[in-house]
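Tertiary structure, described
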Amino acid sequence: MLSTTVKTIAYDEPSRLYTVVVESASGTHTFRPRHLVLATGIFAQKPIIPDLPGKETFTGQIYHSMHHKSAQNIPSLAEKRVVIVGSGTSAHDIAQDFVNSGARSVSLVQRNATFSLTTKATEQVYFSLWKTPGISMEEADIISLSFPTALARTLNIGQTMMMEEIDKDLIAGVERAGMKILHAKEAGYGFMDHLLIKAGHLYLDQGASSMIVDGRIKIHQCDEGIKELVGGGVVLGDGRKVDADVVVLATGFQRNKVIVKDLMGEEVAEKVGDLGYLDSEQERIGVSHARTFP
């Protein structure tokens, strides 16, 4: 059913059936299935909004990345100084959009270190199995899913180091620009930990990295993040002030456990656990056959 919203889900122990109430343009409908699958992803469409003191004094525009459609929607953009809070994929993409659209200045505020790699390195190393002569796509899929998660994560450390070698010049460039970069050898894990488990703190270059290297995107790295908003910008945890007319919060989304809680209650949410994270056997909680490590 398209354009339909799930309102409530309840489970009846005696009948072992669910009661699912949905709402659409045609009205309210009730289903009584025996099995229920939440194919709603790892994250909920509920943004993480940091509680920043001074919001009432900030004279510019502030919004979460989920509401970003196009930098060209910002009036008088050529006069606007833009600060994006975050350094993951969304932050890089939005910063690139603002540069390409002609913003006066564009900056990223980075708190946590991130993996910064290229799609070229990803294709050469991470997806090399799918390009191996004599191995079909179906066979590559089976091989990739045959590794226990613990082994796959360990192997990915070496893969990431190989990718970093391919990207060493670009990585050195973004580090010179002030970005804090994760390196697999020092971190003790590979970039896939961030892609499939943390689901953040990484960027596979689509053009923003070169903008960081040449200064079109400025980096303000601060482990303490943003301390407060002021009339004309943001104050970092170390006391530095960054002028801003537009602040975009690329601060991520809440985990999908909140959807389970909203639809089925706290008790069920606690039974389900931390969706997407790893259990004691390094299998993803609440996710069936979703591991895609090569």
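Refer to the structure above for everything that follows.
Residues numbered from 1 in each chain as written. Predicted model: local features only at pLDDT ≥ 70, side-chain atom pairs only at ≥ 80, totals over all residues. Heavy atoms only, no water.

Strand order in the open sheet made by the 3 strands is S1-S2-S3, with antiparallel pairing throughout. Looking along the sheet, the strands with just one partner apiece sit at the ends: strand S1 (5-12) and strand S3 (27-31). Within this sheet the neighbouring strands show an average axis-to-axis angle of 15°, counted without direction. (Pairing = 2+ DSSP bridges. Helix = DSSP H or I, 4+ residues; strand = E, 2+ residues; numbered from the N terminus. Axes fitted to C-alpha atoms, helices over the stretch in contact; angles between N-to-C directions.)

Turning our attention to unusual backbone geometry. Positive phi is not limited to glycine here, since Arg-16 has a value of about 55°. Inspection of the secondary structure puts Arg-16 in the loop between S1 and strand S2 (17-24). Judged by relative accessible area, Arg-16 falls into the exposed class, the value being 55%. Its identity as a non-glycine residue notwithstanding, Ser-76 has a phi of 50°, on the positive side. Following the sequence through the fold, Ser-76 ends up in the loop between strand S5 (61-64) and strand S6 (81-85). Using a relative accessible area of 47% as the deciding quantity, one classes Ser-76 as partly exposed. (Buried < 20%, exposed > 50% of the residue type's maximum accessible area, 1.4 Å probe, protein only.)

Looking at chain direction, S2 and S3 are connected through 5 bridges and run antiparallel. Paired with Glu-23 across the strands is Thr-28, a residue of S3. Between S2 and the antiparallel strand that follows it, S3, lie 2 residues.

On to the sheet that holds S5, then. Pairing within the open sheet is parallel, and its 5 strands lie in the order S5-S14-S6-S7-S10. Each having just a single partner strand, S5 and strand S10 (217-221) make up the two edges of the open sheet. Averaged over all adjacent pairs, the angle separating strand axes in this sheet is 20°, with direction ignored. Helix H1 (residues 89-100) contacts S5, S6, strand S7 (105-110), S10 and strand S14 (246-249) of the sheet and is inclined by roughly 170° relative to S7. (Contact = heavy atoms within 4.5 Å.)

Before going further, it helps to examine the environment of Ala-95. Its location among the elements puts Ala-95 in helix H1. Exposure remark for Ala-95: the relative accessible area of 0% places this residue in the buried category. For the pair formed by Ala-95 and Lys-218, sequence separation is 123 residues and the distance between their alpha carbons is 9.6 Å. Discounting chain neighbours no more than four positions away, the residues touching Ala-95 are Ile-84, Val-106, Leu-108 and Ile-217.

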